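One letter stands for each residue in the lines below.
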Amino acid sequence: MTSDVINTTITEDWECELVAPKHQALHSRANIDPFSTDFNWFEKEAEMLQLMHDKFGIGLASPQLGYSYNMFVMNHEHLGDIGVYNPEILEFSEETCRYEEGCLSFPMLYLDVTRPEKVKVKYTKTDGKTDVETWMDGRDARCFQHEYDHLQGELYIDKVSDLKLKRAYNKREKFFKKLERQMRDA
Ligand code: ZN
């Protein structure tokens, strides 16, 4: 893609809506430092969290809205809703685990993904000043890694075999068809 395309993601406009799975931002590195903008991230974050909760998600990354800001929001089991800026993963545990993941960019598409069980992470908080360094495990570790991947332009659908992915898409198709029938018969 040309640089023109990348420039369109740096626009000062902000619309807090999910973009289609093939949007360029979902397949590119989110390399814009959020704090290099004039954005009030407390406000942007609130909008993102609202969208995330409305859609019953536990994480939402800026590329999912079509923007390449290096940030995401997530619901942490103990900290509650948090904003994560310029994150790094410093260490991965050797133990891995397999768990079912979904993604707001791929509604109702559930995939068993294997990932390290724990991660030591570092990120800056919404104020742009406070750095956090901590271990995360369980659902938090999984969510952090999934959202972090979004910032690298990587998606969970790339972490499973083609066969598994095809099965999951078929399952989703069946579910949607069933839903359609139910709506029609209701
Ligand atoms: Zn996702």
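Now for a description of the structure that goes with this document.

The rules behind each value
Residues numbered from 1 in each chain as written. Predicted model: local features only at pLDDT ≥ 70, side-chain atom pairs only at ≥ 80, totals over all residues. Heavy atoms only, no water. Donors = N, O, S within 2.8 Å, 3.2 Å for Na, K, Ca; no water. Helix = DSSP H or I, 4+ residues; strand = E, 2+ residues; numbered from the N terminus. Buried < 20%, exposed > 50% of the residue type's maximum accessible area, 1.4 Å probe, protein only. Patch = residues over 30% accessible without salt bridge, like charges linked within 9 Å, V, L, I, M, F, W, Y side chains within 5 Å. Areas by Shrake-Rupley, 256 points an atom, 1.4 Å probe, with all protein chains shown as cover. Salt bridge = Lys/Arg side-chain N within 4 Å of Asp/Glu carboxyl O.

Topic: the coordination of the zinc ion
Phase 1: The coordination sphere of the zinc ion, as far as protein atoms go, consists of Cys-103 (SG), His-146 (NE2) and His-150 (NE2), spread over 2.0 to 2.2 Å.
Phase 2: Considered as a linear motif, the donors of the zinc ion on their single chain read C-x42-H-x3-H. A residue pair is termed long-range when its members are at least 10 positions apart, and Cys-103 in strand β4 (residues 96–103) and His-150 in helix α3 (residues 138–151) qualify at 47 residues.
Phase 3: The class of Cys-103 is buried, set by a relative accessible area of 9%.
Phase 4: Residue classification places His-150 among the buried positions, given a relative accessible area of 1%.

Considering a nonpolar patch on the surface
Phase 1: Together, Met-108, Tyr-110, Phe-175, Phe-176, Leu-179 and Met-183 give the surface a local cluster of nonpolar side chains, amounting to about 570 Å² of exposed area.
Phase 2: Elements supplying a minimum of two residues to the nonpolar patch: β5 (106–116) and α4 (162–185).
Phase 3: Relative to the helices and strands, Phe-176 is located in helix α4.
Phase 4: Look at Phe-176 and you get partly exposed, because its relative accessible area is 31%.

Focus on the pattern of salt bridges
Two side chains that carry opposite charge are able to pair once their charged atoms sit near each other.
Phase 1: Considering all chains together, one arrives at 7 salt bridges under this definition.
Phase 2: A salt bridge links Arg-115 to Asp-149; the nearest nitrogen and oxygen atoms lie 3.0 Å apart. One end of the pair, Arg-115, is in strand β5; the other, Asp-149, is in helix α3, and 34 residues separate them in sequence.
Phase 3: Residue Arg-115 is classed as buried on the basis of its relative accessible area of 4%.
Phase 4: Judged by relative accessible area, Asp-149 falls into the buried class, the value being 9%.
Phase 5: Notably, a salt bridge pairs Asp-149 with Lys-159, separated by 3.7 Å at the nearest N-O pair. Here the residue Asp-149 occupies a position in helix α3, and Lys-159 occupies one in the loop between α3 and α4, the gap between them amounting to 10 residues.
Phase 6: Within this structure, Glu-101, Arg-115, Arg-142, Asp-149 and Lys-159 form a network of salt bridges that share partners.

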